[in-house]
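# Structural overview
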Amino acid sequence: MKFDKDGNVTTFEKKKMELYHELSLQARDLRFQHLTSITARNNNIIIRMEALKAVVTPNSLLVLDFRGLGLERWLVMELAPQLNGDHGALATHSLPFEFRALEAILQHRVNTLQARLNEVHPVILDILESLVDPKLLSADRSKLHILLQNSKNLSELETDIKVFKDSLLKILDEEEMIEELCVTKWTDPRVFEESSLGIDHAEEMELLLENYFMQAEELGNTTRELKGLIDDSESVIFINLDSHRNVMMRLNLQLTMGTFSLSLFGLMGVAFGMNLESTFEEDPKVFWLVTGFMFLGSGLIWRRLLSFLGRHLEPTVPPQIPTVWKRNQVNSKGGEVKSGLRG
Amino acid sequence: MKFDKDGNVTTFEKKKMELYHELSLQARDLRFQHLTSITARNNNIIIRMEALKAVVTPNSLLVLDFRGLGLERWLVMELAPQLNGDHGALATHSLPFEFRALEAILQHRVNTLQARLNEVHPVILDILESLVDPKLLSADRSKLHILLQNSKNLSELETDIKVFKDSLLKILDEEEMIEELCVTKWTDPRVFEESSLGIDHAEEMELLLENYFMQAEELGNTTRELKGLIDDSESVIFINLDSHRNVMMRLNLQLTMGTFSLSLFGLMGVAFGMNLESTFEEDPKVFWLVTGFMFLGSGLIWRRLLSFLGRHLEPTVPPQIPTVWKRNQVNSKGGEVKSGLRG
Amino acid sequence: MKFDKDGNVTTFEKKKMELYHELSLQARDLRFQHLTSITARNNNIIIRMEALKAVVTPNSLLVLDFRGLGLERWLVMELAPQLNGDHGALATHSLPFEFRALEAILQHRVNTLQARLNEVHPVILDILESLVDPKLLSADRSKLHILLQNSKNLSELETDIKVFKDSLLKILDEEEMIEELCVTKWTDPRVFEESSLGIDHAEEMELLLENYFMQAEELGNTTRELKGLIDDSESVIFINLDSHRNVMMRLNLQLTMGTFSLSLFGLMGVAFGMNLESTFEEDPKVFWLVTGFMFLGSGLIWRRLLSFLGRHLEPTVPPQIPTVWKRNQVNSKGGEVKSGLRG
Amino acid sequence: MKFDKDGNVTTFEKKKMELYHELSLQARDLRFQHLTSITARNNNIIIRMEALKAVVTPNSLLVLDFRGLGLERWLVMELAPQLNGDHGALATHSLPFEFRALEAILQHRVNTLQARLNEVHPVILDILESLVDPKLLSADRSKLHILLQNSKNLSELETDIKVFKDSLLKILDEEEMIEELCVTKWTDPRVFEESSLGIDHAEEMELLLENYFMQAEELGNTTRELKGLIDDSESVIFINLDSHRNVMMRLNLQLTMGTFSLSLFGLMGVAFGMNLESTFEEDPKVFWLVTGFMFLGSGLIWRRLLSFLGRHLEPTVPPQIPTVWKRNQVNSKGGEVKSGLRG
Amino acid sequence: MKFDKDGNVTTFEKKKMELYHELSLQARDLRFQHLTSITARNNNIIIRMEALKAVVTPNSLLVLDFRGLGLERWLVMELAPQLNGDHGALATHSLPFEFRALEAILQHRVNTLQARLNEVHPVILDILESLVDPKLLSADRSKLHILLQNSKNLSELETDIKVFKDSLLKILDEEEMIEELCVTKWTDPRVFEESSLGIDHAEEMELLLENYFMQAEELGNTTRELKGLIDDSESVIFINLDSHRNVMMRLNLQLTMGTFSLSLFGLMGVAFGMNLESTFEEDPKVFWLVTGFMFLGSGLIWRRLLSFLGRHLEPTVPPQIPTVWKRNQVNSKGGEVKSGLRG
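The structure presented is a predicted model; accordingly, all values stated were derived computationally and were not measured.

### Some remarks on the overall build of chain A
Of the regular secondary structure elements, chain A holds 10 helices and six strands. Approximately 14700 Å² of chain A is accessible, and the part contributed by carbon and sulfur atoms is 55%.

### Some remarks on the nonpolar core
In terms of nonpolar packing, the biggest core is built from 299 residues, with Leu106 of chain A, Leu106 of chain B, Leu106 of chain C, Leu106 of chain D together with Leu106 of chain E touching the most fellow members. The next biggest cluster of nonpolar side chains, apart from the first, holds 110 residues, and it includes Val286 of chain A, Leu137 and Leu309 of chain B together with Phe272 of chain D.

### A word on the pairing of strand β6 (residues 60-64) of chain D
Residues and elements named next belong to chain D. Along β6, five of the five residues are buried, which leaves the element largely enclosed by surrounding structure. In terms of strand pairing, strand β5 (residues 52-57) meets β6 through five bridges, oriented antiparallel. Opposite Val55, over in β6, you have Leu62 as the bridge partner. The antiparallel pairing of β5 with β6 creates a hairpin that spans two residues between the two strands.

### Digging into helix α3 (residues 97-131) of chain C
The terminal C-alpha atoms of α3 of chain C, which comprises 35 residues, lie 51 Å apart, in line with the 51 Å expected from a rise of 1.5 Å per residue. Taken across its 35 residues, α3 of chain C has 25 buried, putting it largely inside the fold.

### Concerning a negative patch on the surface
Taken together, the side chains of Asp173, Glu174, Glu175, Glu176, Glu180 and Glu203 of chain A, Glu175 and Glu203 of chain B together with Asp173, Glu174, Glu176 and Glu180 of chain E make up a negatively charged region of the molecular surface. When residues of the negative patch are traced back to their parent elements, those giving at least two are α5 (175-181) of chain A together with α5 (175-181) of chain E. Broken down by element, the negative patch gets its largest block of residues, three residues, from α5 of chain A. In this structure, Glu203 of chain B sits in helix α8 (residues 201-273). Looking at Glu203 of chain B, the relative accessible area reads 46%, which means it is partly exposed.

### Regarding the side chain of Glu234 of chain A
Note on placement: Glu234 of chain A falls in helix α8 (residues 201-273). Of the side chains with opposite charge, Lys227 of chain A lies nearest to the buried Glu234 of chain A, which makes no salt bridge, at 9.8 Å. Here Glu234 of chain A is in contact with Ser235 and Ile239 of chain B, once residues within four sequence places are set aside.

### Focus: the pattern of salt bridges
Scanning the entire structure with this criterion turns up 40 salt bridges over all chains. Measuring nitrogen to oxygen at the nearest pair gives 2.8 Å for the salt bridge that ties Arg116 of chain A to Asp160 of chain A. In this pair, Arg116 of chain A sits in helix α3 (residues 97-131) while Asp160 of chain A sits in helix α4 (residues 141-173), placing the two residues 44 residues apart along the sequence. Relative accessible area serves as the criterion here: at 16%, Asp160 of chain A is assigned to the buried category. We note a salt bridge from Arg245 of chain D to Asp242 of chain D, for which the minimum N-O separation is 3.4 Å. On the criterion of helical spacing, the pair formed by Arg245 of chain D and Asp242 of chain D is a turn pair, its members being three residues apart in helix α8 (residues 201-273).

### Considerations on the packing of α3 of chain C against helix α4 (residues 141-173) of chain C
Helix-helix packing: each pair is described by the crossing angle between the helix axes and the interaxial distance. All names here are of chain C. Taken N-terminus to C-terminus, the directions of α3 and α4 make an angle of 150°; their axes are 9 Å apart at the nearest point. Comparing their axes, α4 and α3 come out roughly antiparallel. Considering only the axes of α3 and α4, their crossing is left-handed. A per-class count over the contact of α3 with α4 returns 18 nonpolar, three polar and five charged.

### Quick look at the sheet that holds strand β4 (residues 44-49) of chain E
Each strand in a sheet pairs with its neighbour through backbone hydrogen bonds, running either in the same direction (parallel) or in the opposite one (antiparallel). All names here are of chain E. Read across the sheet, four strands follow the order β3-β4-β5-β6 without closing on themselves; strand pairing throughout is antiparallel. Of all the strands in the sheet, just β3 (36-41) and β6 (60-64) have a single pairing partner and so form its edges. On average, each strand axis in the sheet is tilted by 15° relative to the strand beside it, whichever way the strands run. Here helix α3 (residues 97-131) sits on the sheet in contact with β3, β4, β5 (52-57) and β6, set at roughly 5° to β4.

### Brief notes about the sheet that holds strand β4 (residues 44-49) of chain D
All names here are of chain D. Judged by pairing direction, the sheet is antiparallel, and its four strands sit side by side in the order β3-β4-β5-β6 without closing on themselves. Strand pairing shows two members of the sheet lacking a second neighbour, β3 (36-41) and β6, which therefore form its edges. With strand direction ignored, the average angle separating the axes of adjacent strands in the sheet is 15°. Where β3 meets β4, six bridges bridge the pair, whose relative direction is antiparallel. Paired with Thr39 across the strands is Ile46, a residue of β4. The sheet strands contacting helix α3 (residues 97-131) are β3, β4, β5 and β6, and the helix crosses β4 at an angle near 5°. Against the sheet, helix α4 (residues 141-172) makes contact with β3 and β4, and its axis sits at roughly 25° relative to β3, the strand it touches most.

### Digging into the packing of helix α8 (residues 201-273) of chain C against α8 of chain D
It is the contact of α8 of chain C with α8 of chain D, at a shortest axis distance of 8 Å, that shows an interaxial angle of 20°. It follows from the interaxial angle that α8 of chain C and α8 of chain D lie roughly parallel. The handedness of the crossing between α8 of chain C and α8 of chain D comes out as left-handed. Split by residue class, the contact of α8 of chain C with α8 of chain D holds 19 nonpolar, 15 polar and six charged.

### Considerations on the packing of aromatic side chains
All chains considered together, the criterion is met by five aromatic pairs over all chains. Consider the rings of Phe238 of chain C and Phe238 of chain D, whose centres lie 6.4 Å apart with planes at 70°: the pair is edge-to-face. One end of the pair, Phe238 of chain C, is in helix α8; the other, Phe238 of chain D, is in helix α8, on a second chain. Pair check on accessibility: Phe238 of chain C and Phe238 of chain D agree, each one buried.

### Structural notes on the confidence of the model for chain A
Residues and elements named next belong to chain A. Residues with a pLDDT of 70 or more make up 68% of chain A, whose mean pLDDT is 73. Of all secondary-structure elements in chain A, the lowest mean pLDDT belongs to helix α10 (residues 321-333), at 38, while α4 reaches the highest, 89. This stretch, residues 86-93, has a pLDDT under 50; its non-local contacts, to residues over four places away or in other chains, come to 15 contacts. Counting interchain partners and residues more than four positions distant, the pLDDT-below-50 stretch residues 315-343 has 47 contacts.

### Overview of the environment of Leu137 of chain E
Structurally, Leu137 of chain E is set in the loop between α3 and α4 (141-173). Each C-alpha atom of the pair Leu137 of chain E and His244 of chain E lies 6.4 Å from the other, and the pair is 107 residues apart in sequence.

Here is what the cut-offs are and how they apply
- Residues numbered from 1 in each chain as written.
- Chains lettered and ligands numbered in written order.
- Predicted model: local features only at pLDDT ≥ 70, side-chain atom pairs only at ≥ 80, totals over all residues.
- Heavy atoms only, no water.
- Helix = DSSP H or I, 4+ residues; strand = E, 2+ residues; numbered from the N terminus.
- Areas by Shrake-Rupley, 256 points an atom, 1.4 Å probe, with all protein chains shown as cover.
- Core = buried A, V, L, I, M, F, W, Y, C linked by side-chain atoms within 4.5 Å.
- Buried < 20%, exposed > 50% of the residue type's maximum accessible area, 1.4 Å probe, protein only.
- Pairing = 2+ DSSP bridges.
- Expected span 1.5 Å × (residues − 1).
- Patch = residues over 30% accessible without salt bridge, like charges linked within 9 Å, V, L, I, M, F, W, Y side chains within 5 Å.
- Salt bridge = Lys/Arg side-chain N within 4 Å of Asp/Glu carboxyl O.
- Lys, Arg positive; Asp, Glu negative; His and termini not counted.
- Charge placed at Lys NZ, Arg CZ, Asp CG, Glu CD.
- Contact = heavy atoms within 4.5 Å.
- Axes fitted to C-alpha atoms, helices over the stretch in contact; angles between N-to-C directions.
- Parallel < 35°, antiparallel > 145°, perpendicular 65-115°, else oblique.
- Left-handed = near helix turned anticlockwise from the far one by under 90°.
- Nonpolar A, V, L, I, M, F, W, Y, C, P; charged D, E, K, R; others polar.
- Phe/Tyr/Trp six-rings, centres within 6.5 Å; stacked < 30°, edge-to-face > 60°.
- pLDDT = per-residue confidence, 0-100.

In structure tokens:
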């Protein structure tokens, strides 16, 4: 169940014990307890990147347990040419094998993370854009559900990027671990001297790792920005919803005022509608008088109430406050930022 | 009240003073003031992991005060075989005794933390899933109560993981503390040389501690993700509740408009219902006229108000704004993320 | 106004200048500019812990300005026995005097902080528990006021713990400062050699300081957890209040619907109540017909509106979304966390 | 436009070039590009603290461009005596001139920051206290405006404190920069030896800088606490407003219920008020029957609705939940915190 | 497609391979994989700042791919004179060429960042000022949209500043990288000795980089303050909207109370309006009695309800609570901050 690569690809199966023996590793070394790790043991580099488990020896790359993980296509189509050095995209084809192998695997890992980000990023932007749309009175709740899932995925992606960065950083922080990763240097001095025409292997390795560290950092930055955008958008959604509510409430209040006025003067009509003698029954002018008073009174009271509401919602702030803000800001920031406040 | 283990288990009780003497420790060393600590004193490793207090000597493991803590089962069923090296799951059976003992205890600690996380994790996911359900008009308040308790437990678990990580990190940061933990090296040079066929004890100890540090880190990552998920879900719950409210408010407003219209024209009916002479009493067409006017007028005014509401809630945003967003994003992110904004 | 302690307590007053001279310190050294500081000067340890100002010399402890601070009881009742070494609770009675003095003071400081936390902690838990009670429609505003005060106290406590930790950490980070604190070592080599039978003073001092650092850290952890609990509870309170409001709003809306229906068909009754001829006046069946129509129509329209509301608040989410969540989670977390989602 | 000080004050104007020459500095050194910086160049200390630009030479302090900044009073009234060593408040009068100058300037800076904090602090406390007042139904919006301005000032103050702390920390972290600041040591060995009777200049300088660093830290702590208090108060304000709203909503709902009941049974009255024959017209008992039924029915239905509302808002939580909380807390915290939960 | 500069500007096109050969660089070195990087390779400094790609050799500056980026104007108008040393604004004209080139590029980068901040800063302040205006009942939703876009831009700007700072910090942290950047020192010892009359090149380089690092830090501080201001303003907006809503709700409730009272007593009128015999029909006094009772009763009940509401919203807090707050604060802060609480 292993898969060997030097120039050409060979697939074979081996017992674990034989493999340990062949690589002079201990059982423990191949247990892959952590989801992401890069370690050097006895001139082999043992790598695990989530599903992908690999051992890099000075002249071959063993990928373990590769079946059923959706990696076959990548292994056959892309990994082999990259290791051969045919593929122009790799910068290390003049360097020993372990560089090519390590670069291919790290590149694969970064590509996977980037692909996950690319999947989540436009979906979140799309949803946020439709959610902050000021036309909407209420948030579309199915979109919120999808947003929640995507922001969950984003958190997981963020953790994975962090773990990847941490495992690279751990190596970058210790000079000797970088040295250990340059396995050719220790096993094959002849190749070492030949290939390193004025090139320091450890330094090259550091550059290679740093390169992928910075790529991961950029992914992390994008992720963080996206999280910030989600937070900001949520605030905007809340303000939007609250604003809508306030507008509706004012309308509601205005209508309640109208209904109240109508009830008040309607009461007068009801009073005259009672089967009780009011001595006005026979005077035709009284009908028009009372009816007119009812409608006019309602209208006047309503208008009164509306203007009362208008005054009630007005500010109690003295007008010089915006000026204070402006002056204050000019003072404290000095001439650095020419803030064009027109306020 | 102690419990000795070398190959076979012996349980016996001893006075504290005798124990101090036997281990050549001072009273202070066995006071266990902190909930989580690992220290080396006079070739003994003194460990406390919450309830579990243990002393590792070069060839035995003393567990103190083990009764009444629910630890008996673990001690008898699992610890003994692990220390014997029978248990295949431990990677250190070719190493001196203190490695086996330390690994068993740390493994127990990590398992305990993992078990606590496993208990809290599905409960929280379950509750969150039912709370963000967009079908719900109001949050189930008993579920909120349970969520609060679980998030409290999660915080405590987070602190415990942090404390565990810190105590491991403190050792990992100081080379000499790691050296001190390799007690066999100092007490039994013969065994040391025998067992260490090309293996550096201090390095093995570092690997062992680092292994558990990373396991704790993974637990910590999961905890942090879970906390983030709770936060995100709460935002979604708020937006959900707010949206529901806005929808209800609009309906309420629409009905208030209807009621207002009806009151307005009902007033006319009330006017004609008054026991006052309006000179129209005898004309049968007037009845139908006024009645029709009442119903039609109500309907028209209501429709008018509804369309006014519709216009009031419409956006005042010029249509090119989505385009601005899109352009802006394409500019600043370059070709990195192909954001499929359809807006 | 000073207070000397060696084996027995003596209280006396001295001029500042004499004191400087006696201790060969400079005026500046006893200015105590910071609220919390521990410094060594000329074989004296100068300590300030908020109100408590003390100078530790190799064989005496001077407490300055101790009156009127509520410290008298502690000084007389507890400090003297601790310094005499009678008190069994101190681990340092076999060590020189400055250890006993320093430990007594640090212990006092930690006890003070712990006491402040113990005062605030149950009050906050109590209030939070009564505030998150789902029975409550509105938060008790006087409890909120008390909560705010307590959370203010908690912040101040947090700062004090942080300052205490920082001042210990500053010493722990510099080996030579620890050495300077072991004043006996420098002033009294005879006592030093006598007391240090195989014990390294600096190491003992480091252990002592580390011990109190970790105690402060535990206090800090509890404080942080408590703050987190307050935040979580506030979210729960908000969701609670929002939920209550939504429930009330739905009821309100349902009743508004009822009122609207009644108004609509009441209009018909009002119409027939007008003093206008409708030609139906004499037909007794019409009365029952119209009355029945009014009540039935109101009921039907109301029912219609309620079912419309029911549909309006229903989700528009396709049913497979919970499944997506579950699958997604199983994928990304692998077998680590067996999340018992019941779908 | 310069201003010299040694024992007596002299004010004179000089060309920039002459100044450079005199101090053997380069043009660049006096450009003061950063708002806060302390650097040593050719035995001069160049300091900028926002508006204040100064050069400290071994025996004079030059303050540049001091006009129009509101600094004149401070310069004349306070700086001169401090530099003369007359002023008792300075601890460094037995030390060389640069100590006195540096201390005076740093003290001025800390005083300025403290003054700004003192200005903002009581205003914010005042406003917060009046805003969290549970009596208030709505927040006073002009106070919110003032709060916002003050919290803006607080942020700026926080940044300035941070920048001040960072610039001190940068010097404290590098031993050689501290050495460079002791200009007398390098320029005037005679004075140096004379003044330093057993005093290490670099150490004194470190103490001086550390002192101001800790003062700035205390300011920073107060600022952070104040920000936390603002956040907590905002939460309390929100809960207050929400609670008020819920209470009002319940009242509103109760009245809507009443109105609904009255409408429902009023419909019956309207029905009998129609000009239609109901055959009951002549029976005087029917009037009292129907009227009584209307009022009683309204009352009963309303009571029914109110009790329904009461039940609707009741909790669905089983009573053992508070117990769970309590037990849980006791378990996890052990005996450390005796939380007096009364369940 | 390249562009050479020494004293005069020459534009020419070259194949990549020739360029590599000429500069003795490898293909990989000129791939510019990261958006922001400064590296030294074989006595060339390779710089990328977003769109700008440049190679600094000891005596020329090559700008690659400069077309179509909007940089032409800057290159021709500003860069050339700066490199010639004519431009008085640069402090490094007495230093070797690479200093001038590096300073020009870093200055350009900082200017670009500053320009982006200057663009976003006043817009955000403007919008925030108009949004927190207490006069407004609802937030202007188109302004929210613009705010969201600007805060998105701000996040991106923050990331770019952080990346710029990190890349400078990485160099500042490693002494040898600074040494490598002083390319003249290694290639042209004669020029080196000539130009460095007592000036240490590495130190000058460190000062130059530090200068731009601090400028970037100031930009970062402004950005962070702006983000904080947005957050604070959002809280204020929420409190504003909530307050408005509460005020409107109280008015609404008061009117609902009025409507309820009118309905209650209107029911009496409706009762008397029924075509049923009540035996009072003929008594003219009864009309006035009932009508008066209706209006007076409505008024009284309404007044009753209003005063009930008034009592309901009153605080249940005992009056000494403000005092507690004040005392508490005075205790904990001591005399440091004289908080002018007027209670």
